[in-house]
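Now for the letters of each chain:
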Amino acid sequence: MKKKGISGSDLSSPLLATLEQERQILLDLGNDITRVRDKNDLITLFKKRIKSLFYFTHTIVTLIDYKDETYVPFLLDNEGSPIRSHLRYDEMVKSHFSLNEPFIQLVLQSEEPISFLLKDIMDKPQSPAFLRVNYEKGVKEILMTRLMKEGKPMGFIHIYSDKQGSFSSEFRNIIKGIAPQLSSAVSNIIKNEDLLNNENEKSFLLEFSSDIVTVRTKDELIRAVRAGLSKLNPPGGFVIRRINEDKTTMSPYVYDLSKAQDPKVVIALENARYPINDGLQNRVLNSSIPLLFNVDREIQRGITSTYLQYWKKMGFKDIVGIRLRNAETNHGILFLDIGEINVQLLQGICAQISIALANIFAHEKINKKQEEQAFLLDFSNDISRSRTKLDLQNAIFRVLDKTMHTKLAMLRVIDDDGVHLSSFMYDETLFNKAKTTYDKKQSDRITIDETYTAQVLASRDGLVFNVEEELKTGNSYAKLWKTTGLKNMYALPLRVGEKNIGTIWLLANRLSPLLLKGICAQISIAVDNIRANEKLLDYKKQLEVENDYLKEQIKTIYNFSEIIGKGEQMQKVYRLMSLVADSNTTVLISGETGTGKELIARGIHNASPRRDKLMVKVNCAALPANLIESELFGHEKGAFTGAIDRRIGKFELANNSTLFLDEVGELPLEAQAKLLRVIQERELERIGGKQTIKIDVRLIVATNRNLEEEVNAGRFRADLFFRLNVFPINLPPLRERPEDIEPLTHFFVQKYSRNTGRKIRKVATKVIQQLRAYAWPGNVRELEHLLERSIILTIGDILQDVYIPEKTNQGQQDQAYLFNRSLEEVERSYIIEALKRCDGKISGVGGAADILKIPGNTLHSKIKKLGIAKRDYFV
């Protein structure tokens with residue numbers, strides 16, 4: 001039997017059928033793919049057509065990113081993938097796989113689909129992790145082929161099977177044939193997504209623009225920017241820094257940093273000021289496109305800005321910086337913690353943020369100006385109500401503390417001499433850490449030519465001294481400023497019109513120039529008004545004191561209208577008065593109490609060139625020891641407890657006139673030392689004051705003490721005695737000028753007759769004899785008061801009796817008293833005193849006769865002869 005052979009047509013029929021089937025599959029799949037617009041549909045259609053012919057478990061498409069030299073998942077099989085339940089599935093979906101490892105290089109080099117058994121390649125060096133992940137979920141084999149675009153690989157199709165040998169030559173041919181159409185479909189999907197993204201971005205930017213155009217505050221800006229950047233989804237948030245007014249630094253303006261949980265980091269961010277030219281910020285500001293930089297790499301480059309260290313602590317790795325610019329003005333920088341940049345969207349968002357920032361800054365500027373104007377108005381009202389230095393101080397301290405958050409370092413005013421400046425006002429709490437140094441500095445009386453003061457007074461709107469820079473120059477004040485921890489000293493001139501009246505010094509990190517200028521203008525006027533008011537008050541007080549002196553002078557006009565006394569000793573006094581009156585020489589008038597020292601002082605003053613001004617008198621013996629300095633030199637308000645107002649001292653009051661210090665020997669040693677200084681220097685300082693006051697005072701002093709003896713006893717300063725004893729005038733006691741008793745008597749009788757309404761026409765002769773016989777320990781003053789009493793007691797028009805005291809402290813011991821009595825009267829008084837001392841015992845040991853050294857009988861005879869009765873010596 002002949003065996004029948006197989007013809008060529010018999011062999012080709014199955015092959016033709018297979019090829020026809022492949023062609024039809026490719027045609028149907030191609031028709032389906034051309035209608036695909038959604039990437040998820042592509043995988044579904046691919047699986048539906050191919051799985052009808054061949055077996056596999058799942059498939060994905062990855063795309064190449066040539067910029068990073070990686071490939072990433074693009075189309076995923078969400079239904080058939082067995083690895084969806086794997087713990088590393090999310091990691092695989094988000095991973096970037098290197099193009100430079102051997103496995104993928106074999107795929108890139110193969111023009112045909114290429115398959116691999118996972119167990120053979122998954123553990124080789126650099127093999128991608130997704131191979132093992134699939135293997136662990138039962139996948140045995142992978143088939144891959146390139147997806148090409150314009151002759152260049154754009155990605156890969158991955159087909160997986162859990163059965164070994166699933167990828168036949170027919171399967172490979174189908175995949176090879178469909179690959180160009182898949183490439184086209186993927187390209188279309190990418191384009192479609194790009195178009196859709198562009199439309200979405202435009203819609204988003206339009207919506208974002210509508211939202212952000214209404215932003216007027218920082219809080220509104222944060223919410224709007226957070227919403228806008230959610231499209232970019234920065235994992236660590238964002239920071240917007242604004243350029244500060246100094247144009248050399250930047251500070252955080254708004255931020256949303258989800259990783260900044262440390263409060264110290266947040267505080268540091270809020271209070272920081274970073275130099276613009278730090279090597280990073282200036283690069284961003286000078287770039288028209290966003291810049292992506294690595295935090296570690298920038299630190300390695302040597303950039304020392306602290307914010308890089310903060311970012312590193314917060315785990316930031318890659319940061320995008322883009323300038324915020326409106327027209328030609330840079331407003332700041334936006335920093336994002338993001339590794340990938342959608343440049344077009346980011347630039348669109350930042351353009352809107354820049355406009356919003358410009359609007360906010362303009363709005364803040366308007367609000368700030370309005371607030372400053374309202375504040376200046378309120379401050380002006382406070383200032384206008386200030387009538388005293390304390391009122392002004394309270395107003396200034398309040399505004400500096402609550403509005404400007406600073407304190408007054410010093411306010412100095414130019415003295416009346418136009419050269420020196422004195423401390424007027426300051427807040428001593430500012431320099432608690434260097435109080436001793438500050439007290440010394442503020443007490444210094446500087447001039448307008450002092451280096452820093454001269455610069456400030458010569459400036460138009462004041463100067464700003466940076467503390468650190470001033471330290472480098474050796475500025476002695478800067479060491480004091482440094483103790484406050486503040487960065488700048490603001491120094492401004494105080495002016496009224498074009499006239500400089502002082503300087504004001506404020507320590508702060510930063511102050512508004514406009515606000516400072518407005519405040520200083522108000523303070524200048526207030527200080528000038530208060531100083532003028534103080535001068536008026538001082539002048540008023542001076543007038544009141546002078547008025548009191550004038551009233552006293554009017555009441556006692558007789559005391560110096562005529563000095564009674566024509567004897568030889570008084571003529572010597574008159575001659576000395578005439579010699580010294582025209583000079584400014586210090587006069588020391590000495591004499592017993594009641595001799596008329598003040599009368600002589602007034603006589604000298606009234607004969608001097610200073611007669612047109614009142615002589616000021618101070619009774620040193622009548623002043624409490626703790627008030628002598630205040631009385632003589634004056635005090636400032638608050639200088640000591642009870643000093644509720646400024647007081648002008650007697651030296652100031654007597655300026656260009658005469659000061660009469662009565663009982664100068666009663667001054668305590670401490671007051672003597674200060675009096676000596678004033679006499680020597682012709683200047684003084686009020687208690688509690690810093691200003692040195694020049695004076696021109698003619699000094700006349702009086703005392704009833706022997707100052708030489710006081711000096712020897714250590715109760716009076718020798719140097720002060722020599723200063724005062726330039727021109728001594730000694731007034732004789734009344735007992736040494738009996739010839740003046742009669743004219744003095746007639747003068748006082750006439751005066752008190754008029755004052756009391758009596759009409760005394762004559763003084764009896766015996767009255768004159770009685771008055772001449774008295775020793776007058778109280779001198780003229782005692783005579784005056786005795787006659788006043790006698791006139792009041794007189795009935796009729798003749799003064800018949802005077803009431804001379806029976807006993808005086810020293811009359812009976814006084815030699816003049818003895819000379820004005822008869823021998824018999826003296827002997828009688830002497831025996832009575834002896835009997836009193838012996839308690840009336842006449843004879844015997846210890847009796848009066850024993851003391852008088854005469855026989856007892858003789859004493860008895862004398863007692864009888866002189867009419868001495870027991871009542872005379874028994875009390």
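Residues numbered from 1 in each chain as written. Predicted model: local features only at pLDDT ≥ 70, side-chain atom pairs only at ≥ 80, totals over all residues. Heavy atoms only, no water.

Here the focus is the overall build of the protein chain. Each helix and strand counted, the protein chain has 35 helices and 29 strands in total. Across the 875 residues in the protein chain, those meeting the buried criterion constitute 44%. Excluding contacts between residues fewer than 6 apart, the proportion of contacts in the protein chain whose partners are at least 24 apart in sequence is 66%. A total of about 46,800 Å² of accessible surface is found on the protein chain, and carbon and sulfur atoms cover 50% of it. (Helix = DSSP H or I, 4+ residues; strand = E, 2+ residues; numbered from the N terminus. Buried < 20%, exposed > 50% of the residue type's maximum accessible area, 1.4 Å probe, protein only. Contact = heavy atoms within 4.5 Å. Areas by Shrake-Rupley, 256 points an atom, 1.4 Å probe, with all protein chains shown as cover.)

We now examine helix H6 (residues 129-136). Among the residues of H6, those classed as buried are Phe-130, Leu-131, Val-133 and Asn-134. Buried residues in H6, looked at end-on, bunch into an arc of 165 degrees, giving them a common side. (Arc of directions from axis to C-beta.)

Our focus in this paragraph is the packing of helix H28 (residues 741-756) against helix H29 (residues 765-773). At their nearest, the axes of H28 and H29 sit 10 Å apart, and the two run at 120 degrees to each other. Taken together, H28 and H29 sit at an angle that is classed as oblique. Where H28 crosses over H29, the two elements pack in a sense that is right-handed. Only Ile-768, Leu-771 and Arg-772 of H29 make contact with H28, whose side of the interface consists of Ile-741, Glu-742 and Thr-745. Across the contact of H28 with H29, the residue classes break down as three nonpolar, one polar and two charged. (Axes fitted to C-alpha atoms, helices over the stretch in contact; angles between N-to-C directions. Parallel < 35°, antiparallel > 145°, perpendicular 65-115°, else oblique. Left-handed = near helix turned anticlockwise from the far one by under 90°. Nonpolar A, V, L, I, M, F, W, Y, C, P; charged D, E, K, R; others polar.)

Turning next to the sheet that holds strand S17 (residues 488-496). Overall, antiparallel pairing links the six strands, which are arranged S15-S14-S13-S18-S17-S16 in an open sheet. In this open sheet, the two edge strands, each paired with only one partner strand, are strand S15 (446-447) and strand S16 (463-466). Note that strand S14 (residues 420-425) and S15 share two bridges and pair antiparallel. In the strand pairing of S15, His-420 is matched with Thr-447. Along the sheet face, helix H14 (residues 389-402) touches strand S13 (407-414), S14 and strand S18 (499-508) and points at about 75 degrees away from the line of S14. Relative to S13, helix H15 (residues 435-443) is tilted by about 20 degrees, and along the sheet it contacts S13 and S14. (Pairing = 2+ DSSP bridges.)

In spatial order, the strands read S20-S23-S26-S19-S27; together these five strands make up an open sheet with parallel pairing. Of all the strands in the sheet, the pair left with one neighbour each is strand S20 (616-619) and strand S27 (727-730). Neighbour-to-neighbour, the strand axes of the sheet open up by a mean angle of 20 degrees, direction not taken into account. Alignment of strand S19 (residues 587-590) against strand S26 (residues 698-703), held across four bridges, turns out to be parallel. Bridging from a neighbouring strand, Ile-589 pairs with Ala-702 of S26. Those strands touched by helix H21 (residues 568-580) are S19, S26 and S27, and its axis lies near 155 degrees from that of S27.

Considering all chains together, one arrives at 32 salt bridges under this definition. Arg-132 is the partner of Asp-123 in a salt bridge, and the nearest nitrogen-oxygen pair spans 2.6 Å. Owing to a relative accessible area of 30%, Arg-132 belongs among the partly exposed residues under this scheme. For the salt bridge of Lys-694 with Glu-683, the shortest nitrogen-to-oxygen distance reads 2.8 Å. Taken together, the residues span a long stretch of sequence, with Lys-694 in strand S25 (residues 693-694) and Glu-683 in strand S24 (residues 683-684) at a distance of eleven residues. Taking the relative accessible area as the measure of exposure, Lys-694 reaches 59% and is therefore exposed. Three or more residues joined by partner-sharing salt bridges are found here, namely Glu-666, Arg-705, Glu-710 and Arg-715. (Salt bridge = Lys/Arg side-chain N within 4 Å of Asp/Glu carboxyl O.)

With that settled, consider the nonpolar core. If you look at the biggest cluster of nonpolar residues, it comprises 32 residues, and the most contacted ones within it are Phe-651, Leu-659, Leu-661, Leu-675, Leu-699 and Leu-724. Looking at this core, the elements that each hand over two or more residues are S20, helix H23 (628-633), helix H24 (650-653), strand S23 (658-662), helix H25 (669-681), S26, helix H26 (707-712) and helix H27 (718-724). Among the elements that line this core, the one with the most residues is H25, at five residues. Counting 30 residues, the second-largest nonpolar core is a separate cluster that includes Val-399, Leu-408, Met-425 and Leu-492. (Core = buried A, V, L, I, M, F, W, Y, C linked by side-chain atoms within 4.5 Å.)

Given two aromatic rings, their pairing is described by the distance between the two centres and the angle made by the two planes. For the structure on display, the rule yields 24 aromatic pairs. For the ring pair Tyr-71 and Phe-130, a centre distance of 6.5 Å and an interplane angle of 85 degrees mean the geometry is edge-to-face. One end of the pair, Tyr-71, is in strand S2 (residues 70-75); the other, Phe-130, is in helix H6, and 59 residues separate them in sequence. Taken as a pair, Tyr-71 and Phe-130 share a single burial class, namely buried. When the ring of Phe-293 is compared with that of Phe-335, the centres are 6.2 Å apart and the planes differ by 85 degrees; the resulting orientation is edge-to-face. Here the residue Phe-293 occupies a position in strand S10 (residues 291-294), and Phe-335 occupies one in strand S12 (residues 329-337), the gap between them amounting to 42 residues. Taken together, the aromatic side chains of Tyr-71, Phe-97, Phe-103, Phe-116, Phe-130 and Phe-156 make up a single cluster linked through ring pairs. Taking NZ or CZ as reference, Lys-51 lies 5.4 Å from the ring centre of Phe-56, over its face. (Phe/Tyr/Trp six-rings, centres within 6.5 Å; stacked < 30°, edge-to-face > 60°. Lys NZ or Arg CZ within 6 Å of the ring centre and 35° of its normal.)

Before going further, it helps to spend a moment on the pairing of strand S5 (residues 141-149). The buried fraction of S5 amounts to seven of the nine residues, a majority that puts the element mostly inside the structure. Alignment of strand S4 (residues 114-117) against S5, held across four bridges, turns out to be antiparallel. Across the sheet, the residue bridging to Phe-116 is Ile-142, located in S5. Hairpin connection, S5 to strand S6 (residues 152-161): the antiparallel pair is bridged by two residues, and Glu-150 has positive phi, about 55 degrees.

Okay, helix H32 (residues 823-837) next. Along its 15 residues, H32 runs 21 Å from first to last C-alpha, staying within 8% of the 21 Å computed at 1.5 Å per residue. Residues of H32 that are buried make contact with helix H33 (848-852), helix H34 (856-866) and helix H35 (870-873). (Expected span 1.5 Å × (residues − 1).)

A negative phi angle characterises most non-glycine residues, just as the trans form characterises most peptide bonds. A positive phi angle, close to 55 degrees, is found at Arg-682, a residue other than glycine. Counting through the fold element by element, Arg-682 comes out in the loop between H25 and S24. In the Ramachandran plot, Lys-853 falls in the positive-phi region, its phi being about 65 degrees despite a non-glycine side chain.

Quick look at the packing of H21 against helix H22 (residues 597-606) now. Interhelical geometry of H21 versus H22 gives an angle of 40 degrees and a closest axis separation of 9 Å. In terms of axis orientation, H21 runs oblique to H22. In this structure, H21 crosses over H22, and the sense of that crossing is right-handed. Listed contacts from H22 to Val-573, Met-577 and Val-580 of H21 are Ile-600, Gly-603 and Ile-604. Residues belonging to the contact of H21 with H22 are distributed by class as follows: five nonpolar, one polar and no charged.

In this structure, Ile-831 sits in helix H32. Once the C-alpha coordinates of Ile-831 and Tyr-873 are considered, the two residues, 42 residues apart in sequence, prove to be 9.2 Å apart.

We classify Glu-683 as buried; its relative accessible area is 14%. Apart from the residues within four sequence positions on either side, Glu-683 is in contact with Arg-677, Val-678, Thr-692, Ile-693, Lys-694 and Ile-695.

Looking at the protein chain as a whole, the pLDDT averages 82, with 88% of positions reaching at least 70. Counting interchain partners and residues more than four positions distant, the pLDDT-below-50 stretch residues 1-11 has one contact. With pLDDT under 50 throughout, residues 555-561 is counted as low confidence; its partners more than four residues away or in other chains account for eight contacts. (pLDDT = per-residue confidence, 0-100.)

The residue Asn-286 is located in the loop between helix H10 (281-285) and S10 in this model. According to the relative accessible area criterion, Asn-286 is exposed, its value standing at 65%. In this structure the C-alpha to C-alpha distance between Asn-286 and Ile-322, which are 36 residues apart in sequence, comes to 9.7 Å. Side-chain polar atoms of Asn-286 contact the backbone oxygen of Asn-282, separated by 2.9 Å. (Polar contact = N/O pair within 3.5 Å; in protein donor to acceptor, adjacent residues only side chain to side chain.)

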